[in-house]
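Read off the chains here:
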Amino acid sequence: MVVSSAVELYTTLLGWHLFNSIWSLISSTGIIVVPFIMAIVNGLLESRKGEGVSGKELIGVLETRIYTMIVVVFLCVQPAINLKTENAKIYTSGCSADGSQTNPGTRDFGDSGTTYDKSNQLENTMGGRVARVPLWWHFWLKINYAVTNALKSELPCDADVRSVVANLANLQVTDPLLRDETNQFYRDCYLKAANKYMRAQPDESEISNAYRTNKEEDMSWIGSRLFVGQPGYYDQLRPSKPIKAMPYSALRGDDVMGPDSAGTDLNPGPGWPTCDKWWSDSDDGLRKRLITDLKEKGMSAEGKDAYAAVTGSLFDTQKQSDDALLQTAVAIPGKREAYSMNNSLNTSYSQDVANDGNSTWAAIKNLPGWAGEWGANANMAYNVFTATMQARAIRSGAPIVQSIVLLMLTLMIPLIMLFSQFNLGTAVTLTVVHFSVVFWSFLFELAKWLDNFLLNAVLDKGTPDGALSSVGYLLAYGGSTDVMAISYITMAAYVALPLIFTALMGVAGSKLALNMVGIDSLSGGFSKAAASGVTNQISRVIKK
């Protein structure tokens, strides 16, 4: 048996184990004969209501009903075929997180590649016993999973943007010393440069052409191109204490901070680089060391491949892709909105300064408007981020919900069939409903593809600068209202598609069950007619 998810691998075995336990209880206590007795009693009561029903006719009707119940018990309820753990496997899609396609395969029980393998509670619960599956369900399950997995393999493979977003949301620098140095860079370089920019409020003409585009996005992180390349910012700032990772160098101008008292000519001590050199030095710069740490320790091999696939078509150079990664890892929440609001209010602020001649009073007058718009943007960012995480949580939890529903459906089969008096129509309805729940895994994959398709559509692929802005904001801040809308659409798809499909299949199963009951009644009618015919023929012979 090949199931659709890792958790389903274990819940399926547990479900059929509990099925066997419930059926064993029903059969060993003699409760199994109650539906047969009720069928006989019901037949007798119905015969007394009718007119001209002979004993032979009654026997024919009861015989058909009892035989049908026995067949249903034998095929649909009585455990028959062993379901060993070594025969239970999980289907693995041929689509990788980076969008590459390989041949679909399977994984064995205990080797699903997930943390579910760490628990041996299931094997302890089963106590070495082997679960068995009724003939009909063994045959039907093979068809269910074969159809579902075949359809899943027909979906196109795309890079998993949602997984990249979720993985990078938790991305952080692993080296504690490097984290401390990054915090020092933030305090000694970024905050001072940002404060200088906010005080100076430079015009566009004062900024180099290379740094004029996407300024709000660019200045929202410590590796800002404007702060690194524009004269007057990082090139005029130095750390408050020497940097161990960057040896002292008089050629770099470290001697302005004093002599190298902690080292020698052959073994120099910590250095005092300017902030632009501290960040972008090709040998020991903070940027290079951060990228190395993130790629080698902060991301899995699959995560790196997925990120490269998502950003590969967006950027012209590796540096732009690395900047987007760094911008995500060391992003400063709220800075983008702060710069955006400040720039958008420059006109009002400047006008008030010109009218009142007092920058402090102008700032006080504009403060309510700034606070309101900052609050609105912060609330929007929070809502977008929350929706993004909710969509990711629903996608991760959907297969678990499906496996639990299948578990409950499996262990309830003996009880449902018992209380329905082993009715053939009930068995047909359960079969259709079970198929619809198994089919959810395909619907989940369809919703996943739709989610990635829509997220890819909102990424700006026009220019490298636009791509950096789009990717950086999407990954670091949760995106825009478009991303929030896509997140809600995804959540609705994961919930609505399975429910609608199961509801429609339930209606179809009920109709099919009614037809089966009609066939059963027709069989009883044939028996009744046959018995009546035999009785009449015997009467004619006696009269002659």
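Residues numbered from 1 in each chain as written. Predicted model: local features only at pLDDT ≥ 70, side-chain atom pairs only at ≥ 80, totals over all residues. Heavy atoms only, no water.

Visitor: Would you mind showing me how to read the state of the cysteines here?
Guide: Disulfide: a covalent bond formed between the sulfur atoms of two cysteine residues. Applying the stated criterion across every chain yields a total of 1 disulfide. Here C189 engages in a disulfide with C275; their sulfurs sit 1.9 Å apart. The sign of the S-S torsion, about -75°, decides the handedness of the disulfide formed by C189 and C275: left-handed. Of this pair, C189 sits in helix α7 (residues 176-200) while C275 sits in helix α10 (residues 275-280), placing them 86 residues apart in sequence. (Disulfide = S-S within 2.5 Å. Helix = DSSP H or I, 4+ residues; strand = E, 2+ residues; numbered from the N terminus.)

Visitor: In this structure, what is going on with the side chain of S403? I would like to understand it.
Guide: Structurally, S403 is set in helix α16 (residues 359-419). A residue is classified by how much of its surface remains accessible, and S403, at 1% relative accessible area, is buried. Among the polar contacts made by the side chain of S403, one reaches the main-chain carbonyl oxygen of I400 at a distance of 2.7 Å. S403 has contacts with V7, E8 and T11, leaving out every residue within four places of it along the chain. (Buried < 20%, exposed > 50% of the residue type's maximum accessible area, 1.4 Å probe, protein only. Polar contact = N/O pair within 3.5 Å; in protein donor to acceptor, adjacent residues only side chain to side chain. Contact = heavy atoms within 4.5 Å.)

Visitor: Teacher, can you tell me more about the sheet that holds strand β1 (residues 2-3) here?
Guide: Whenever strands of a sheet pair, they do so through backbone hydrogen bonds, lying parallel or antiparallel. What the 3 strands build is an open sheet, ordered β1-β3-β4; its pairing is mixed. The open sheet has two free edges, formed respectively by β1 and β4 (105-108), since each of these has just one partner strand. When β1 meets strand β3 (residues 89-92), the two strands line up parallel, connected through 2 bridges. Considered in β3, the bridge of V2 is made with K89. (Pairing = 2+ DSSP bridges.)

Visitor: Sorry, what's going on with helix α12 (residues 301-312) here?
Guide: Each α-helix turn comprises 3.6 residues. Residues three or four places apart therefore point the same way. For α12, spanning 12 residues, the distance from its first C-alpha to its last is 16 Å, which sits close to the expected 16 Å at 1.5 Å a residue. If you check which residues of α12 are buried, you get G303, A306, Y307, V310 and T311. Down the axis of α12, the buried set is contained in an arc of 115°. They therefore lie on one face. Exposed positions of α12 whose direction lies more than 90 degrees from the buried face are A301 and E302. (Expected span 1.5 Å × (residues − 1). Arc of directions from axis to C-beta.)

Visitor: Sorry if this is basic, but what is going on with helix α13 (residues 318-329) here?
Guide: End to end, α13 covers 17 Å across 12 residues, agreeing with the expected 16 Å (1.5 Å per residue, within 8%). Here α13 lies mainly inside the structure; 9 of its 12 residues are buried. Looking at α13, one finds that the buried residues are S321, D322, D323, A324, L325, L326, Q327, T328 and A329.

Visitor: Where do I start with the nonpolar core in this structure?
Guide: Nonpolar side chains in soluble globular proteins tend to be buried together. With 48 residues, the main nonpolar core has W16, W23, V77, W137, Y145, M417 and F422 as its most contacted residues. Discounting residues that sit within four places of it in the chain, M417 has contacts with V72, V77, F422, N423, T426, A427 and L430. Judged by nonpolar contacts, the second largest core, of 47 residues, contains M219, I222, W279 and L325. (Core = buried A, V, L, I, M, F, W, Y, C linked by side-chain atoms within 4.5 Å.)

Visitor: Just to check I follow, could you spell out unusual backbone geometry for this structure?
Guide: Glycine aside, residues mostly have negative phi, and peptide bonds are mostly found in the trans state. Of note in this structure, Q421 is not a glycine but carries a positive phi near 60°. Among the structural elements, Q421 can be located in the loop between α16 and α17 (424-438). In this structure Q421 comes out as partly exposed when scored by relative accessible area, which is 22%. Backbone geometry at F422 places phi at a positive 50°, although glycine is not the residue there.

Visitor: Just checking my understanding: could you explain the pattern of salt bridges for this structure?
Guide: When charged atoms on two side chains of opposite charge get close, those side chains can pair. Taken as a whole, this structure holds 6 salt bridges when the rule is applied. Close ionic contact of D323 with R287 constitutes a salt bridge, the shortest N to O distance being 3.1 Å. With D323 in helix α13 and R287 in helix α11 (residues 286-298), the pair connects residues that are 36 residues apart, well separated along the chain. According to the relative accessible area criterion, D323 is buried, its value standing at 7%. For R287, a relative accessible area of 16% corresponds to the buried category. (Salt bridge = Lys/Arg side-chain N within 4 Å of Asp/Glu carboxyl O.)

Visitor: Before we go on, may I ask you to explain the packing of α7 against α11 in this structure?
Guide: How two helices pack is summed up by the angle between their axes together with the distance between the axes. Where α7 meets α11, the closest approach of the two axes is 11 Å, and the angle between their N-to-C directions is 140°. As summarised for this structure, α7 and α11 are arranged oblique, according to the angle between their axes. Of the two possible hands of crossing, α7 and α11 adopt the one that is left-handed. Across the interface between the two elements, L178, E181, T182 and F185 of α7 pack against L286, R289, L290 and D293 of α11. Taken together, the residues of the contact of α7 with α11 break down into 4 nonpolar, 1 polar and 3 charged. (Axes fitted to C-alpha atoms, helices over the stretch in contact; angles between N-to-C directions. Parallel < 35°, antiparallel > 145°, perpendicular 65-115°, else oblique. Left-handed = near helix turned anticlockwise from the far one by under 90°. Nonpolar A, V, L, I, M, F, W, Y, C, P; charged D, E, K, R; others polar.)

Visitor: For this particular structure, what's the right way to read the packing of aromatic side chains?
Guide: Each pair of aromatic rings is reported with the distance of its centres and the angle of its planes. Applying the stated criterion across every chain, the model contains 20 aromatic pairs. Their ring planes at 40° and their centres at 5.5 Å tell us that F185 and W279 sit as a pair that is tilted. Here F185 is found in helix α7, whereas its partner W279 is found in helix α10, with 94 residues between them in sequence. This pair shows no difference in class: F185 is buried, exactly as W279 is. The structure contains a cluster of three or more aromatic residues connected by ring pairs, namely F185, Y186, Y190, W221, F227, Y233, Y234, W278 and W279. (Phe/Tyr/Trp six-rings, centres within 6.5 Å; stacked < 30°, edge-to-face > 60°.)

Visitor: I tried to follow the packing of helix α5 (residues 135-154) against helix α18 (residues 440-458) on my own but got confused; where do I start?
Guide: In the contact formed by α5 and α18, the axes pass within 8 Å of each other and the chain directions differ by 10°. Put simply, α5 runs roughly parallel to α18. Judged by the twist between their axes, the crossing of α5 over α18 is right-handed. For the pair α5 and α18, contact is made by T148, L151 and K152 and by S441, F442 and E445, respectively. A breakdown of the residues in the contact of α5 with α18 according to their chemical character gives 2 nonpolar, 2 polar and 2 charged.

Visitor: Explain the environment of K244 to me, please; I cannot follow it from the model alone.
Guide: Along the chain, K244 falls in strand β6 (residues 243-247). By relative accessible area, K244 is classed as exposed at 75%.

In short, geometric facts, not functional conclusions.
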